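Spelled out, the chains give:
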Amino acid sequence: MHRVYSGHELVHLIERHHNERFKGTMDKHLPNWRERRSLLNSLPLAYEDWSY
């Protein structure tokens, strides 16, 4: 997951907004970023129980 986050931030160095150029660059370098984004967005924001 860190690759998608890092890639996202690196693309912002060449394109500030989430426009078609941004998405095209993400598609070129991380072709499955949309699936990973969906997985990340489906995860809970916080865990109730952090016991290990």
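Residues numbered from 1 in each chain as written. Predicted model: local features only at pLDDT ≥ 70, side-chain atom pairs only at ≥ 80, totals over all residues. Heavy atoms only, no water.

**Let's talk about the overall build of the protein chain**
The helix and strand inventory of the protein chain stands at 3 helices and 0 strands. Against the compact-globule benchmark of 10 Å for 52 residues, the protein chain has a radius of gyration of 14 Å, which places it well outside the compact range. Projected onto its principal axes, the C-alpha positions of the protein chain cover 40 × 20 × 15 Å. Taking all 52 residues of the protein chain together, 17% fall into the buried category. Counting every atom, the protein chain has about 4,700 Å² of accessible surface; 57% of that belongs to carbon and sulfur. If the 8 positive side-chain charges of the protein chain are averaged to one point and the 7 negative ones to another, these points end up 10 Å apart. (Helix = DSSP H or I, 4+ residues; strand = E, 2+ residues; numbered from the N terminus. Rg over C-alpha atoms; globule rule 2.2 N^0.38 Å. Buried < 20%, exposed > 50% of the residue type's maximum accessible area, 1.4 Å probe, protein only. Areas by Shrake-Rupley, 256 points an atom, 1.4 Å probe, with all protein chains shown as cover. Lys, Arg positive; Asp, Glu negative; His and termini not counted. Charge placed at Lys NZ, Arg CZ, Asp CG, Glu CD.)

**Some points on the pattern of salt bridges**
Counted by the stated rule, this structure contains 3 salt bridges. Aspartate 27 is the partner of arginine 34 in a salt bridge, and the nearest nitrogen-oxygen pair spans 2.5 Å. You can call arginine 34 partly exposed: its relative accessible area is 34%. Overall, aspartate 27 belongs to the partly exposed group, its relative accessible area being 31%. (Salt bridge = Lys/Arg side-chain N within 4 Å of Asp/Glu carboxyl O.)

**Things to note about the environment of leucine 30**
Relative to the assigned elements, leucine 30 resides in the loop between α2 (20-29) and α3 (33-42). Looking at leucine 30, the relative accessible area reads 11%, which means it is buried. Along the sequence, leucine 30 and glycine 7 sit 23 residues apart, while their C-alpha atoms lie 7.5 Å from each other. If near-sequence neighbours (up to four positions away) are discounted, leucine 30 is found in contact with Arg3, Val4 and Gly7. (Contact = heavy atoms within 4.5 Å.)

**Some points on the confidence of the model for the protein chain**
Residues with a pLDDT of 70 or more make up 90% of the protein chain, whose mean pLDDT is 88. Put simply, helix α1 (residues 2-11) is where the protein chain has its lowest mean pLDDT, 86, and α2 is where it has its highest, 96. (pLDDT = per-residue confidence, 0-100.)

**Quick look at the side chain of threonine 25**
Along the chain, threonine 25 turns up in helix α2. Among the residues examined, threonine 25 registers a relative accessible area of 16% and is labelled buried. Those residues within four positions of threonine 25 in sequence are excluded, and the remaining contacts are Val11 and Ile14.

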